[in-house]
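# Summary of structural features
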Amino acid sequence: MNVFGFRCFHCDKSLAVGIHGFCSICQKQMKKQPYCTHCGMSSLAYRDYCGYCLKNEPKWQKLVRVGEYKPPLSHWIHRFKFQQQYWLDQALARQLLLAIKQAQREQGLRLPEVIMPVPLFWQRYWQRGFNQSELLSRWLAKWLNIPLDNQSLIRQRKTISQRDLSAVQRRKNLKRAFSYQPIREYKRVAIVDDVLTTGSTLNAICTELLKWNVEEIQVWVLARA
């Protein structure tokens, strides 16, 4: 029962369950479809590998996503990330939680030992006031009872925005951008981010983790662009 008068963040209608953030009608507007559980590209059926993987093979092993970067999900992420609406963190994290639970049931996903958010450079963090990936990670760590580690993975230099760069420019931009100094040895790690586009950022992170013999890297994202 919605005794506190919570309303849907999207359509502003009263919510049957206040803590969900988005009503069932708005959630249904997200067209869920099968995807490759390696690279995250949409597919006719769930699969472990696809043609896109052959051309651009990710350095991680498993991927979980909520949906494609299309409305309304893309609008929610944009509001969360660029319009200072950080209070959307719980509602968006819940959508990712549901996707993780589905992957456990239907794809046999094994939960990791630790959750790590994609870090921001300190200057970007100061300008934005929060790290959107860390906010999502905190809820997931709490709900799944998995440790959150926001210390081992470090963004050690400033990079320009990736949004308008080509895939080659993105890789060059991220060269030596991250370092990994684990507070303990991990074998299975989940990296949390908001949107996966070319995968350059996550591949750069994976490169550092693999140097420390991490055996399985999972990527959990809200959307695949």
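Only a predicted model underlies this, so the values are computations on that prediction, with no experimental measurement involved. (Residues numbered from 1 in each chain as written. Predicted model: local features only at pLDDT ≥ 70, side-chain atom pairs only at ≥ 80, totals over all residues. Heavy atoms only, no water.)

As for its position among the elements, Ser 179 is in strand S4 (residues 178-180). A relative accessible area of 10% means that Ser 179 is categorised as buried. (Helix = DSSP H or I, 4+ residues; strand = E, 2+ residues; numbered from the N terminus. Buried < 20%, exposed > 50% of the residue type's maximum accessible area, 1.4 Å probe, protein only.)

The strand order S1-S6-S5-S2 describes an open sheet built from 4 strands, whose pairing is parallel. Either end of the sheet is taken by a strand with one partner, and the two such strands are strand S1 (62-68) and strand S2 (114-117). With strand direction ignored, the average angle separating the axes of adjacent strands in the sheet is 20°. The pairing of strand S5 (residues 188-196) with strand S6 (residues 216-224) spans 8 bridges and is classified as parallel. Among the inter-strand pairings, Val 195 is bridged to a residue of S6, identified as Ala 223. Relative to the sheet, helix H3 (residues 73-82) contacts S1, S5 and S6, its axis offset from that of S6 by approximately 100°. Packing of helix H6 (residues 132-144) onto the sheet brings it into contact with S2, S5 and S6, and relative to S5 it is tilted by some 135°. (Pairing = 2+ DSSP bridges. Axes fitted to C-alpha atoms, helices over the stretch in contact; angles between N-to-C directions. Contact = heavy atoms within 4.5 Å.)

This brings us to unusual backbone geometry. Of note, the bond from Pro 71 into Pro 72 is cis; its omega dihedral lies within 30 degrees of zero at 0°. Mapped onto the fold, Pro 72 is located in the loop between S1 and H3. Even without glycine at this site, Arg 176 takes up a positive phi of about 60°. With respect to the secondary-structure elements, Arg 176 resides in the loop between helix H7 (167-173) and S4. Located in the positive-phi region is Asn 213, a residue other than glycine, with phi close to 65°. Along the polypeptide, Asn 213 turns up in the loop between helix H8 (200-210) and S6. The exposure class assigned to Asn 213 is exposed, which follows from its relative accessible area of 55%.

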